[in-house]
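# Close look at the chain arrangement
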Amino acid sequence: MERSTFLKSIATVGVFPIGLSSLNSCKSNNPVVPERLRRSESFFGIHFDFHANTDCIEVGKNTTSAMVQTIIDMVKPDYIQTDCKGHRGYSSYLTKVGNPAPGFVGDPLRIWRDVTTQNGVALFMHYSGVRDDRAVELHPEWAVTHADGKSDKQITSVFGTYVDQLLVPQLKELAGDYGVDGVWVDGECWATIPDYGERALRLFRESTGISDIPKSAADPHWYEWMQFHREGFRKYLRHYTASVRSEYHDFQICSNWAFTHHMPEPVSVALDFLSGDYSPNNSVNSARYAGRYLTLQGCPWDLMAWSFSYKPFPREQKPAVQLKREAAIVLALGGGFQAYFTQNRDGSVRLDEIEVMAEVAKFARARQPWCHKSVQIPQVALLLSTSDYQLNAKSLFPQYKGQSQGVLQCLLESQYSVDLLSEEKLAPDMSRFPIIVIPEWKNISPVFCTDLVEYAKGGGSLLIIGQETSKQFATLIEMQIQSNEFVSSTLGKGKIGFLPFAIGAEYEKSGSKKLCEQLNAAVHMLFPNPLVEISGSPWIDVSISQLKDKKLVHLVNSSGDHKGSGIIQSIEPIGPLQLSIRSDHKPKKITLQPGGETCDFIYADGKVQVKVDKVDIYEILVIE
């Protein structure tokens, strides 16, 4: 947009460019600017995006201060994430360094920033990183090159100059000109693909000494080729975070799905928080899996629900009760929660949809004192193998769950408190977990296998699932096993058990009760005294955590068909439940939160017996 047109459009709606009277007016009317929470301290937020494209000719037309204020008044979020550049590559703010949408009315991002600032609400931007259709249209040299020599039409190369010529300048513009708090960078690890461009080939040959470039997984050196690109993505992340922070030290950065189950490895980039948007369908199982990996990554984290489902197609808004349970799955693990709402093509928000989020916010805030930043107490460890992922994943950073998704669902539906960990997170201190479950991973390193055997010899319980995985461990300890039969044995001071048949993929596909019963029986034999045992219903997800001096038992109603249902209009209460909780001492008090009800209990033989009449969606037993 030409400067004269820009100034004319601003005058039409009565807002001003950066540095003029709008900022001075804010200062004079509200001299005390409320402090905004950093993302590391934030609990609840709301996300908007609309991926601006050529049809967006009046961006900002209906974005008003009143609209933003209404969202804040209704939801009372710690932060808002709103759109600034989607996958199509058109920026939905008045960028001077990027590729703006075709038309603007006023300066909508200035409105978002001014109103959030006045209310002490942090403002983060939705920004598409590796994927940028418009950038590669204008600069084909920025694009990934395929094995056939053709340039990709959407994906930029992490080895190219896009990062320095567009991404970093835009993030600095957002930090400097608009003073936004940070970015949630979308289209990152999951969008990255191998690059056969000249620079990438040269760097690969220089770093590995391999001259023959593989074209498919069937070719020699495919593993080295994929690992080179994974490290290329990490270097790209390190580069742009350092470049932006060299000038804007407090600017907060997240790369969507980095160092999650999409990228199961130790955090090696100084990101301010980890996050991801889990599946709009089958959302409970998706959040269960993602959250249980994130909780032990050692970074502040949150997960984003989609506020709508594609069942029925094209989409339908989820009711508050459904989003409350999706939030509960995340909050019970100590994380933060946000939900995604689309915007109109002019960037404005459909305020009637936000009423649902206002209800979810009240639900979450009522539980915040007993869940946010709580720390899981180790019970069952389930391996998500980094080595198997990196050897067998069909792309660089897929949503790869292997066999562990079905095993996790079985364990949760047998009411065990479960953490999902990679080798690197598990290896340094295996002994903190009373039982470790190894699902059907086929490529676990021999060193790690030996470490697991030593863990069992030292007093731990080890359960191996799957035929090939069982054979690997049985050979290591010189033990004979029979297929399709559970076998167990003492091993030093501990135990080892084998379920030498497929469970994970089969359970995820069929939901077989028999498989779940077989796994539950095996775990119970190896781990007969979990911290918490529940009778009364199988449809309760249990997680056990510590928050300061309190022990917390989180109870989430997980009843219903998660895989097949798109929209869930109601959730039937579960109960009554009888809980048996191991405790070295008689508790001073047990309350059921957030209602504050004092619970009667019996303490005998090192166990607390307590009854919970019902769980509507999410209740928390607080043991003092």
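### Side note on unusual backbone geometry
The amide bond that connects Gly 575 to the next residue, Pro 576, takes the cis arrangement and shows omega of 0°. For the bond running from Gln 593 to Pro 594, omega is 15°, close enough to zero to count as cis. Here Pro 594 is to be found in the loop between β24 (590-593) and β25 (597-598). In the Ramachandran plot, His 221 falls in the positive-phi region, its phi being about 70° despite a non-glycine side chain. By the secondary structure assignment, His 221 is in the loop between α7 (198-208) and α8 (222-245). Since its relative accessible area comes to 34%, His 221 is described here as partly exposed. Phi at Asp 605 is positive, roughly 55°, even though this residue is not glycine. By the element assignment, Asp 605 lies in the loop between β26 (601-604) and β27 (607-612). Its relative accessible area of 80% is what places Asp 605 among the exposed residues.

### Some points on the pairing of strand β9 (residues 301-306)
A large share of β9 lies buried, amounting to six of its six residues. The two faces of β9 match: Trp 301, Leu 303 and Ala 305 on one face and Asp 302, Met 304 and Trp 306 on the other face are all buried. When strand β8 (residues 274-277) meets β9, the two strands line up parallel, connected through four bridges. Across the sheet, the residue bridging to Asp 277 is Met 304, located in β9. Read as a crossover between parallel neighbours, the route from β8 over helix α9 (residues 283-294) to β9 is right-handed. In this structure, β9 lies alongside strand β12 (residues 336-342), joined through five bridges in parallel fashion. Bridge assignment links Trp 306 to a residue of β12, and that residue is Tyr 340.

### Focus: the confidence of the model for the protein chain
Taken as a whole, the protein chain shows an average pLDDT of 93; of its residues, 95% reach a score of 70 or greater. Low confidence marks residues 1-28, where pLDDT is under 50. Its contacts with residues over four positions away, or in another chain, come to 29 contacts.

### Quick word on the sheet that holds strand β16 (residues 435-438)
Spatial ordering of the open sheet is given by β15-β14-β16-β17-β19-β18, a layout of six strands whose pairing is mixed. The open sheet has two edge strands, β15 (418-421) and β18 (487-491), and neither has a second partner. Neighbour-to-neighbour, the strand axes of the sheet open up by a mean angle of 20°, direction not taken into account. The sheet contact formed by β16 and strand β17 (residues 461-465) spans four bridges and is parallel. By the bridge assignment for β17, Val 437 is matched with Leu 463.

### Points about the side chain of Arg 325
Examined against the element boundaries, Arg 325 turns out to sit in helix α10 (residues 320-331). Although Arg 325 is buried, it makes no salt bridge; Glu 326 carries the closest opposite charge, 7.5 Å away. Of note is the side chain of Arg 325, whose polar atom sits 2.7 Å from the backbone oxygen of Ser 559. With near-sequence residues (within four places) excluded, Arg 325 lies in contact with Val 284, Val 556, Asn 557, Ser 558, Ser 559, His 562, Ile 568, Ile 571 and Ile 617.

### Quick look at empty space enclosed by the protein
With the rule as written, the count across this model stands at four cavities of 30 Å³ or more. The computed volume of the largest cavity comes to approximately 80 Å³. Surrounding the largest cavity, Phe 50, Val 59, Thr 63, Thr 82, Asp 83, Ser 92, Tyr 93, Pro 108, Leu 109, Trp 112, Gln 343 and Gly 347 form its lining. Listing elements by their share of the lining of the largest cavity, those giving two or more residues are β2 (79-85) and α4 (108-119). With three residues, α4 is the single largest residue contributor to the lining of the largest cavity. Among the residues making up the lining of the largest cavity, the classes are represented as six nonpolar, five polar and one charged. Every residue lining the second largest cavity is listed: Pro 280, Asn 281, Asn 282, Ser 283, Val 284, Lys 318, Gln 322, Glu 326, His 562, Ser 565, Gly 566 and Ile 568. Taken together, the residues that form the lining of the second largest cavity break down as three nonpolar, seven polar and two charged.

### What to know about the packing of helix α3 (residues 65-75) against α4
Across the interface, α3 lies against α4 with an axial gap of 9 Å and an inter-helix angle of 40°. When the interaxial angle is binned, α3 and α4 end up oblique. Here α3 runs over α4; the crossing is right-handed. Between α3 and α4, the contacting residues are Ser 65, Met 67, Val 68, Gln 69, Ile 71 and Ile 72 on the first element and Ile 111, Trp 112, Val 115, Thr 116 and Asn 119 on the second. Looking at the contact of α3 with α4 residue by residue, the class counts come to seven nonpolar, four polar and no charged.

### Observations regarding α7
Of the residues making up α7, those classed as buried are Ala 200, Leu 201 and Phe 204. One face of α7 carries all of its buried residues, which in axial projection span an arc of 100°. Exposed and facing more than 90 degrees away from the buried side of α7 are Glu 198 and Glu 206. Within two residues after α7, Gly 209 carries a phi angle of roughly 75°, on the positive side.

### Considerations on the environment of Ala 290
One can find Ala 290 in helix α9. Classification of Ala 290 as buried rests on a relative accessible area of 1%. For the pair Ala 290 and Ala 327, spaced 37 residues apart in the sequence, the C-alpha separation amounts to 13 Å. Beyond its immediate sequence surroundings of up to four residues, Ala 290 is in contact with Trp 257, His 261 and Leu 303.

Analysis parameters
Residues numbered from 1 in each chain as written. Predicted model: local features only at pLDDT ≥ 70, side-chain atom pairs only at ≥ 80, totals over all residues. Heavy atoms only, no water. Helix = DSSP H or I, 4+ residues; strand = E, 2+ residues; numbered from the N terminus. Buried < 20%, exposed > 50% of the residue type's maximum accessible area, 1.4 Å probe, protein only. Pairing = 2+ DSSP bridges. Right-handed = clockwise from strand over helix to strand, strands pointing away. pLDDT = per-residue confidence, 0-100. Contact = heavy atoms within 4.5 Å. Axes fitted to C-alpha atoms, helices over the stretch in contact; angles between N-to-C directions. Lys, Arg positive; Asp, Glu negative; His and termini not counted. Salt bridge = Lys/Arg side-chain N within 4 Å of Asp/Glu carboxyl O. Polar contact = N/O pair within 3.5 Å; in protein donor to acceptor, adjacent residues only side chain to side chain. 1 Å grid on protein atoms, 1.4 Å probe; cavity = no way out; pocket = protein on both sides within 12 Å on 5 of 7 lines; lining within 4 Å. Points joined across faces, edges and corners; volume = space filled by probe spheres on them. Nonpolar A, V, L, I, M, F, W, Y, C, P; charged D, E, K, R; others polar. Parallel < 35°, antiparallel > 145°, perpendicular 65-115°, else oblique. Left-handed = near helix turned anticlockwise from the far one by under 90°. Arc of directions from axis to C-beta.

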